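# Residue-level structure breakdown
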Amino acid sequence: MRAVVDARPALDPSKTGVGHYAHELIRHLPHTDPDSEYVAWYLHAKGLLRPRTFFHDAGAPNLFERASRFPARVFEPISSRLSVPRLEWLVDFDVVLATNFLPPATRSRAVVLVVHDLAFRVLPETAPQIDARWLRRFRRWLVDAARVIVPSSAAKTDLVETERVDAEKVVVVHHGVDADAMRSASAEGVAAVRKRFGLEGSYLLFVGGIEPRKNLPALLRAFSRVQTDAKLVIAGGRVRWFPKAAADLEARVAELPTEIRRRVFLTGYVSGREKVALLAGARGLVYPSRYEGFGFPVLEGMAARVPVLTSTVSSLPEVAGEAALLVDPHDEEAIAEGIRMLLEDEDLRERLIAAGLARAAGFTWFETARRTSAVLHEAATVGRG
């Protein structure tokens, strides 16, 4: 089997969850399926003058890279409207893994869609980037694709119920977490990130893109109710599909009473190394999101030995199990009480840390890749048929 993996999200310099997912799959798929060939395909117009590779650190002889020398700002609108150039004109393959909902233009039906969440259907007001043309393409591919991967049973339920997809073709493959990386921060690294952002003393951490479904205004209000000297650090940058959310958050912070405002820190987008260091220094991770298809930060906090507070909705209980403090994201007093418990209840903290470590150990990128490769083989067979 020769599988093409859409690597474009993995090359985003400000990667969010989809980008990290694509990057980890590309690194792990070849090792879990050594008898197949994997091709990381992406756009890289600058490569005409400065050729380079992006995944050489994977160390897999069956992983290849194929760059198409088109500027993304030209390729994307033409491809989505005219369905050219087709992927089969650019690279040979038996099956395609569409890592971000839709595949590149192709007439092949040996396609596996990865549908990360259904926020655009469950909370449409949080996804203004979704237009009628995108929805038509998405729904056509739900019918035409050989298989669909979702990261949680909750996401599968949402997809089947909202889009009437054949449940038999939808496969749940949980994401993974690199536990070693999440525990790699040194004391010097933690001190450096504290100095960079002016953090002294105890702090709670939120990690994620700044967008409405992350429930950050409610988190701010809940934090304001807690009598504490601890700080709240919100680490994340604006997202392309809802850029005004970052400015709205800054305005809400500016409106807080002075004694609370001085304890809220907005870092903007942080690198992977900075995120690990911030987690290592945190008193707890707070992630009361209104909706997630999976919720990477929950596992990352657990793997980093940090007690986690998250929501009772969507996929989050499925990912967290009994290893996190679960609260109703629509109940600000419940969020506030959860914050108090994370800060003050030492027995609870110790239980959550131990349970979180055990929970995170069950989610590995090797297992994600192994199960994904099995789906790709199935899809390649369907495509040939």
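Residues numbered from 1 in each chain as written. Predicted model: local features only at pLDDT ≥ 70, side-chain atom pairs only at ≥ 80, totals over all residues. Heavy atoms only, no water.

Looking only at helices and strands, the protein features 17 helices and 13 strands. In terms of C-alpha radius of gyration, the protein reaches 21 Å, essentially the compact-globule figure of 21 Å for 385 residues. In terms of its C-alpha atoms, the protein occupies a principal-axis envelope of roughly 65 × 40 × 40 Å. Considering only intrachain contacts with a sequence separation of at least 6, the fraction spanning at least 24 residues in the protein is 70%. Distance between charge centres in the protein, computed from 52 positive and 48 negative side chains, equals 7 Å. (Helix = DSSP H or I, 4+ residues; strand = E, 2+ residues; numbered from the N terminus. Rg over C-alpha atoms; globule rule 2.2 N^0.38 Å. Contact = heavy atoms within 4.5 Å. Lys, Arg positive; Asp, Glu negative; His and termini not counted. Charge placed at Lys NZ, Arg CZ, Asp CG, Glu CD.)

Moving on, we get to the nonpolar core. Membership of the largest hydrophobic core comes to 100 residues, with the highest contact counts inside it found for Leu 205, Leu 278, Val 286, Met 302 and Ile 339. Not counting residues within four places of it along the chain, the set of residues in contact with Met 302 comprises Val 308, Ala 320, Ala 323, Ala 324, Gly 356, Leu 357, Arg 359 and Ala 360. In this structure, Val 4, Val 115, Leu 142 and Ala 155 belong to the second largest nonpolar core, which totals 35 residues. (Core = buried A, V, L, I, M, F, W, Y, C linked by side-chain atoms within 4.5 Å. Buried < 20%, exposed > 50% of the residue type's maximum accessible area, 1.4 Å probe, protein only.)

So, about the pattern of salt bridges. Considering all chains together, one arrives at 26 salt bridges under this definition. As a salt-bridge pair, Asp 6 and Arg 8 come within 2.7 Å of each other at their nearest N and O atoms. Through salt bridges with shared partners, a single ionic network connects Arg 221, Arg 225, Glu 332, Glu 333, Glu 337 and Arg 340. (Salt bridge = Lys/Arg side-chain N within 4 Å of Asp/Glu carboxyl O.)

This brings us to helix α2 (residues 72–82). Of the residues making up α2, those classed as buried are Phe 75, Ser 79 and Ser 80. In an axial view of α2, the angular spread of the buried residues amounts to 105°, which keeps them on one side of the axis. Of the exposed residues in α2, those oriented more than 90 degrees away from the buried face are Arg 73, Arg 81 and Leu 82. Contacts made by the buried residues of α2 are with β2 (37–43) and α5 (132–144). Looking one or two residues past α2, Ser 83 carries a phi angle of roughly 60°, positive in sign. (Arc of directions from axis to C-beta.)

A separate point is the sheet that holds strand β4 (residues 95–98). With respect to topology, 7 strands assemble into an open sheet ordered β3-β2-β1-β4-β5-β6-β7, the strand pairing being parallel. Both outer strands of the open sheet, β3 (63–68) and β7 (170–172), are each paired with one neighbouring strand and no more. Between one strand and the next, the sheet's axes are offset by a mean angle of 25°, whatever the strand orientation. As paired strands, strand β5 (residues 111–114) and strand β6 (residues 147–150) are joined by 3 bridges and run parallel to one another. Bridge pairing in β6 places Val 114 opposite Ile 149. (Pairing = 2+ DSSP bridges. Axes fitted to C-alpha atoms, helices over the stretch in contact; angles between N-to-C directions.)

Glancing now at the environment of Ser 79. By the secondary structure assignment, Ser 79 is in helix α2. Placed 48 residues apart in sequence, Ser 79 and His 31 show a C-alpha to C-alpha distance of 32 Å. Apart from residues no more than four positions distant in its own chain, Ser 79 is found in contact with Val 84 and Ala 105.

By the secondary structure assignment, Val 298 is in helix α13 (residues 296–303). Since its relative accessible area comes to 0%, Val 298 is described here as buried. For Val 298 and Phe 206, which are 92 residues apart along the polypeptide, the C-alpha to C-alpha distance reads 10.0 Å. For Val 298, the residues in contact, after removing those within four places along its chain, are Leu 285, Tyr 287, Val 308, Thr 310, Leu 316, Val 319 and Ala 320.

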